[in-house]
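The chain contents come next:
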Amino acid sequence: MRLDNISLGDFRNYVNLQLDFDPGVNLIVGDNAQGKTNLLEAIAYLGSGKSFRAQRTAELVRFGAEFADIEGSVTAQERQQSVRWVLFPAHRPRMLYRNGAKKKTAADVAGLLPSVLFCPEDLQVLKAGAAQRRRLGDHALCDLRPNYDAALAEYHRILEHKSRILKDKEEDIAVLAILPEYNARLCQVGAMLISYRARFYDSLGKAAAKFHQQFSGGLEEFSLQYKTVSTVTDPFAPLDVLRSQLEEHLESHHRAELSSMQCLTGPHKDDFDVTLNGISLKSYGSQGQTRTAAISLKLAQRELMASQWGEEPLLLLDDVLSELDPKRQDFILNQIDRGQVFITCCEPGRFTKLGKTIHIENGTHVM
Ligand code: ATP
Ligand code: MG
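Quick look at the structure, then. Note that the structure is a prediction, hence the values are computed from the model and not measured.

Our focus in this paragraph is the environment of Ile 6. On the secondary structure map, Ile 6 appears in strand β1 (residues 2–11). Under the relative-accessibility criterion, Ile 6 is labelled buried at 1%. Separated by 13 residues in the primary sequence, Ile 6 and Leu 19 have C-alpha atoms spaced 5.5 Å apart. Setting aside residues no more than four positions away along its own chain, Ile 6 makes contact with Leu 17, Gln 18, Leu 19, Phe 21, Leu 39, Ala 42, Ile 43, Leu 46, Ile 70, Glu 71 and Gly 72.

Rendered as C-alpha cells:
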C-alpha cells in the first residue's frame, strides 16, 4: 500500500497543506520545530487513528482552530481509496470517513494504511525502563490485531476502576465489596493479553534474530524472552489456565495491594528481555549492540506487519538515520528496497539521491 497524497487543515502547525508523495522514498527536510514530525504524525494517524506522541486528540488541532482535518488518498489492494479524519479540540467525538462514507471506529480502516514508526528513543528501548518496551510492544501488537487493541483498552479501563477502589476505600471501606468482581474481570482479560503477547513476542523475536544475525555477520545470536506474571508457567497455555494462574498471583498480593493502594500484579507489569549469545543486553550490551538489536526489532515489526496485511507497511523514520553511523544507516536503507518510506532529517546530506525531497518551513511546503 502507499499514500499518494495528503491534505492537512489546521493540523498541529499546518494551516493548510497539500502534498503528493513518491511511491518510494520521501525525504522530509527542514530546520527544528518546522513541522517534520507533525507531518509523520498525521500520516500515521490517517491509517491508525492514533497519535504516537499526543496524550489527547485536542493537541492535534492547531491552537485556536475549530477542528483539524486530515485527508489522504491511499492505493491499497490495487485500488485508490480515501480516508479522512476530522478532529475537535473539545469533547466532541472525532469523525472518520472512508471513500466519503462515514465510519464508526478506527477498525473500519484497519489494514488500509498501516505504518511502522522508528524514532531515536526506540534506539534506546532495550536499555530503557519496562514501560517503554511495553509501549513499543503494545503499539505493534495493536496494529497487527485489532482485537488485542480492544482487549488492552478494556484491561486498562478495569485497572483504572480497580485503582480507584483501592484509593477510595480510605474513605468508604464498603467499596471493597466490589473488588473481587474487578479482580475476576482483570484476570479474564489479562489472560487474553498474555496469550496474544506470547505469540507476538515469539514471532517478533524470531524475525528480529534473523536481521540481527545478518547484521552481526552471524557472530551474535539474538534471542527475545517475554516476561509476565511469575505464576504463569507457560504463556502459551489455554486461557482458563492463564486466568487461574493470574488469580493465584493476585490472591498472594491481596494484602500488599490493600496497603499500598496500588494494582501490583498483572500483565500491566509485563516486559521482555533480549539476550545476545545468552548475555542480557539490558545489563551488558554495548551501545552498538543495543542499537543494532533495536533496528532488528523494528525491521522485524515491519516484516510481521507485511505478512499480516499482505503489503509492506509505510516506514516512518523520524530523525533516526542522522543518529546512526554510516554502517547502520546502510543496513536500514538496504532493507527498504520495497514499500514506501518517509524519512525526516534536518540535513539532507547523503540521502538526497533518494526519491522525493520535501522541504518544510514553519508548517508550509517550500518549493
Ligand atoms: P525537530 O527537528 O526539532 O524534531 P520538527 O520539524 O519535527 O522539529 P515538529 O515537532 O513537527 O517539529 O513541530 C513542532 C512545532 O509544531 C512546534 O513549534 C510546536 O509549537 C508546533 N505545534 C505543535 N502542536 C501544535 C498545535 N496544536 N498548534 C500549533 N502549533 C503546534
Ligand atoms: Mg521532529
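Picking up after the structure, the text goes on.
The next thing to look at is the site of ligand 1. Neighbouring residues of ligand 1: 17 residues in total, closest Asn 32, Ala 33, Lys 36, Thr 37 and Asn 38. Between ligand 1 and Lys 36, the relevant distance is 2.7 Å, taken from an oxygen atom to a side-chain nitrogen or oxygen of the residue. Between Thr 37 and ligand 1, the recorded distance is 2.7 Å, taken from a side-chain N or O atom to an oxygen atom. Contact with the protein chains covers 74% of the free accessible surface of ligand 1, which is 650 Å².

Another aspect to go through is the nonpolar core. General note: in soluble globular proteins, nonpolar side chains tend to be found buried as a group. Residues Phe 222 and Leu 317 are the most contacted members of the largest nonpolar core, which totals 70 residues. Per element, the largest residue contribution to this core is 16 residues, and it comes from helix α5 (residues 179–215). Not counting residues within four places of it along the chain, the set of residues in contact with Leu 317 comprises Leu 40, Phe 118, Ile 332, Val 341, Phe 342, Ile 343 and Thr 344. If you look at the next biggest cluster of nonpolar residues, it comprises 39 residues, including Phe 21, Leu 46, Ala 76 and Cys 119.

Here we come to the pairing of strand β6 (residues 95–98). Across the two faces of β6 the burial is the same, with Met 95 and Tyr 97 and Leu 96 and Arg 98 all buried. Bridging between strand β5 (residues 79–87) and β6 involves four bridges; their strand directions are antiparallel. Note on β6: the bridge partner recorded for Val 86 is Met 95. Sheet topology places β6 next to strand β7 (residues 101–103); three bridges connect them, and they run antiparallel. Each residue of the ladder has a partner; that of Leu 96, found in β7, is Lys 103. A loop of two residues connects β6 with β7, the two strands running antiparallel in sequence, and Asn 99 in this loop sits at a positive phi of about 50°.

Reading the values: the criteria
Residues numbered from 1 in each chain as written. Chains lettered and ligands numbered in written order. Predicted model: local features only at pLDDT ≥ 70, side-chain atom pairs only at ≥ 80, totals over all residues. Heavy atoms only, no water. Helix = DSSP H or I, 4+ residues; strand = E, 2+ residues; numbered from the N terminus. Buried < 20%, exposed > 50% of the residue type's maximum accessible area, 1.4 Å probe, protein only. Contact = heavy atoms within 4.5 Å. Near = heavy atom within 4 Å. Polar contact = N/O pair within 3.5 Å; in protein donor to acceptor, adjacent residues only side chain to side chain. Areas by Shrake-Rupley, 256 points an atom, 1.4 Å probe, with all protein chains shown as cover. Core = buried A, V, L, I, M, F, W, Y, C linked by side-chain atoms within 4.5 Å. Pairing = 2+ DSSP bridges.

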